[in-house]
Amino acid sequence: MGLNPTLGSLLFFFGFFLTCSGSFRDNCSDYKLQFEKVFTVPGDVVMLNSTLVSPDVFDFSSVPYTITWYDSNSTMELRNKTGRTLVWRHMLWFLNVTMEDAGEYVTIVRTPTDCYRQVTQMVVERPLAGQCGRPQKAPQILTNEATDSLSCPLKEYITTLDRHSITSSITWYRGCDVIEDGTDRYSYWNRVKLKIDGVKPTDNGFFTCVLSFSLGGINRSVSETIDAWVKEDYSLEPQLNEPAGEVIKASAGSRFTKNCLVFVPCVGPPRVDLYWRARDNFIMSRNPSDRVYTSEHRSWHQESPVKGVWLEKTLIITELGQEHLHSNYSCLVYSNYGSQMDYFTLLPKDPSILVPIGTLMASVMLLFISTVAFYYVFRIDIVLWFRQAFPIVYGNTDLDGKLYDAYVVYPQPGTAGFRQEVETFAIHTLSQVLEKSYGYRLFIAGRDCVPGHAVADTVDESICASRRVLLLYDASTFTANSISSNNNLSSSKSEESLVGGVKTDGRQQLECVLAMHQALMEGSLKVVLVELEEITAAQLALFPESVSHLRKKQGAVCLWKSRRTGHSWRTCTRTLDDKKVRRDSEIPLSVSSSSRFWKEMRYHMPVRGKRAMSPEKTTLLNL
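Structure report, in brief. (Residues numbered from 1 in each chain as written. Predicted model: local features only at pLDDT ≥ 70, side-chain atom pairs only at ≥ 80, totals over all residues. Heavy atoms only, no water.)

### A short note on the overall build of the protein chain
Move 1: Regarding its fold elements, the protein chain presents eleven helices and 34 strands.
Move 2: Per-residue burial over the protein chain gives 42% buried out of 623 residues.
Move 3: In the protein chain, once contacts between residues fewer than 6 apart in sequence are set aside, the share between residues at least 24 apart is 68%.
Move 4: Put simply, the protein chain shows about 33,900 Å² of open surface, and 54% of that area lies on carbon and sulfur atoms. (Helix = DSSP H or I, 4+ residues; strand = E, 2+ residues; numbered from the N terminus. Buried < 20%, exposed > 50% of the residue type's maximum accessible area, 1.4 Å probe, protein only. Contact = heavy atoms within 4.5 Å. Areas by Shrake-Rupley, 256 points an atom, 1.4 Å probe, with all protein chains shown as cover.)

### As for the sheet that holds strand 6 (residues 91–94)
Across a sheet, paired strands are connected by hydrogen bonds in the backbone, their directions being either parallel or antiparallel.
Move 1: Taken in spatial order, the three strands of this open sheet run 3-6-5, and their pairing is antiparallel. Across the chains shown, the open sheet's two edge strands, defined by having one partner strand only, are strand 3 (46–49) and strand 5 (85–88). Across the sheet, the axes of successive neighbouring strands diverge by a mean angle of 20°, strand direction being ignored.
Move 2: By the bridge criterion, four bridges tie strand 5 to strand 6 in an arrangement that is antiparallel. Residue W88 lies in a different strand from strand 6, and its bridge partner there is M91. (Pairing = 2+ DSSP bridges. Axes fitted to C-alpha atoms, helices over the stretch in contact; angles between N-to-C directions.)

### Examining the state of the cysteines
Move 1: Taken as a whole, this structure holds four disulfides when the rule is applied.
Move 2: The disulfide that involves C132 links it to C176, with 1.7 Å between the sulfurs. Judged by the torsion about the S-S bond (100°), the C132/C176 disulfide is right-handed. Of this pair, C132 sits in the loop between strand 8 (115–124) and strand 9 (137–143) while C176 sits in the loop between strand 11 (168–174) and strand 12 (177–179), and the two are 44 residues apart along the sequence.
Move 3: When its relative accessible area of 33% is taken as the criterion, C132 is described as partly exposed.
Move 4: Residue C176 is classed as partly exposed on the basis of its relative accessible area of 47%.
Move 5: Each disulfide pairs two cysteine sulfurs, and for C260 the partner residue is C331, the sulfurs being separated by 1.7 Å. Given an S-S torsion of about -65°, the disulfide between C260 and C331 has left-handed geometry. One end of the pair, C260, is in strand 20 (residues 256–267); the other, C331, is in strand 26 (residues 327–335), with 71 residues separating them in the sequence.
Move 6: Exposure remark for C260: the relative accessible area of 0% places this residue in the buried category. (Disulfide = S-S within 2.5 Å.)

Below is the structure:
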C-alpha cells in the first residue's frame, strides 16, 4: 500500500526535524568513503559532488529528497557562507580553499522513508617550491611527429557550469608561461583541448589548464596540471586506399577476390583493425572451405616518403552466386585516431559481345565468300542476265563510230596452219549464232573482203572499225607457221615479219600485228582468243610471245570443252601436260547456241543486246 500524501509529508518534515537535531544520523545506510579523493591547492575553487543522487541508490526522479553536508569533525551543518562555501543542489563548493579545509565531509540524503550517508575526502596540498601548477598531475601521452592534443581534466566543472549557463574560459600554461591561442604550434581546440602541431620530444613537460568563472558573485578559478610525455612509437589515422566506391562486374560461377588496402602512418606496430562486411554482416570466417571468407592480414613497411605500414586483407568468394551480386561490400578500418570505411558494388558482368560480333563477322565473311564463289561460278550468267534486264544502264554503242562488233581472224586458205574446219566454223557457225541469233555484226575476212581492194588497207580499216578481234586458232595454227618460218629463214624473198618473236606471213600476219599492237601496246582494242582444240605444253611453246602472253593474262574461250562432260568452264589459262591431253582431231562444229561456249563468247562481246528485228535463235547448228 502507498502512503497517504498528507501523512507522507508529515513524516518527511518530522524526520527532517529529528535529523537536524542529530537523532537519525546513525540509522542511515552508510556508503562509506568515496574511492576517489578530491585534490586541490590553496586559493583554488573545489567542488565536492555527492554520488548518492543516483538511480543506483534510489529513484531520485520521482521520490522527494533533501541533501545536507557536514564537516566530519563537527555536527554542524554546512551552509552558504559568503566567499567561503556554497551548497548548491548535491554539490558543496569551496570558493577559496585554505589548508585548514582539508579533511572529510559527510553527505546525508534523506527521503520520506530512507536515509543515505557518504563521506568525501578533500586533500589540500601546497605547490612545490619553484614549480608552477599543482603537485598532483594527470599523465597524458603525446604522439611523436604527429598532430596531437592534451585534454583538460576539468571537464566535469565545465559541464556543470555550462548546464547552469555560467560563462567560463580556459587558459593554458606550459610550466609558468601562458600559451597564447594560435602561437607557435599551439592552438585552443574544442574548448577543452590544447592542439599541438608536429609533436616533438621537446614537448615533454608540465601543462596546466586554468578554468576561470564567476560563482556567487565572486570571480574564481580552478586548475589541473598535466604531465605530458612524448612516445616515440605512434600510429596515426589510417588511410584507406581500396576499395574506393568502384563498381566491379563479374560472372556468376567464377572465383572473385578483392583487397582491402590500408596505409597506416606509424612508427612501431600499427594499432588498426580491418574487417570486411556484406549486407551489415561482418565476414569473420578465414576457412577456405567456406564459400565466403577473408585472408589473414598481410603487411609490409614503407620508409619514404612517409614512414608507415601497408595492411592488406583479401575478401574471397570461391564461387559467385546470384545472392552475391547486386550487393555492396565494405571494408572497415578502426583505430584510436579515427575510423575509415569504403565499399565496392558487385554487379553481374555484361554479356560478352565478342560471341555475337564473332558470329556476325563469321556470317558476313561466309556470306562474302559464298557471294564471291557464287559470282565466280555464275558470273557469266549473272552478267548476261543483267545486260538483258537492265539495258538502259549501258550506252548506245552505235554512236561510237564503229561498224563491226568483232573482226574475225583465222588462217586463210593457202597459208600454213589452214584447216577447212576452222574456216567453216568462222564463216558459217559464228555468223549463224552471233549474227543471226544475237544480232552482232562481224567482219569475216574470207567472207566480207571486197575484191580489188588492197589487203593492208582492208585489214587496217576493218580492224579500226571493229570493237573486238576474235582470234580463232587450233593446235596447228601457230605451230605450222613457226615450222614454216624456221625452214624459210634463209630466204630473203619471202614475205616475213616478226610477230612477238615468231615469223608469220600473209594476211594473218598483218591481222595479228595490228590486233596485238592495239591490244597490248595501245590498249584500245580487246582481242578474244578462241581456242578450237586442246593445246599441249609443247605446242604452246611454239606460239608467238604476244599470243602466249595474252593467253596467260586473260585466258581463252575454249570450244573443245563443249565435248567434255563435268569439266569446269573456265578460260584456258593452264598449260596442259602432254600425257594428260586427249586431243580430238575433230573441231566440234555443232554446238547449241545456249551452251556455255556461246555464253562466254557473248560475255566477251560488246554490250549491245539484241537488235530490234533479230531473228529467232538457232537452238542447234548442224553444219
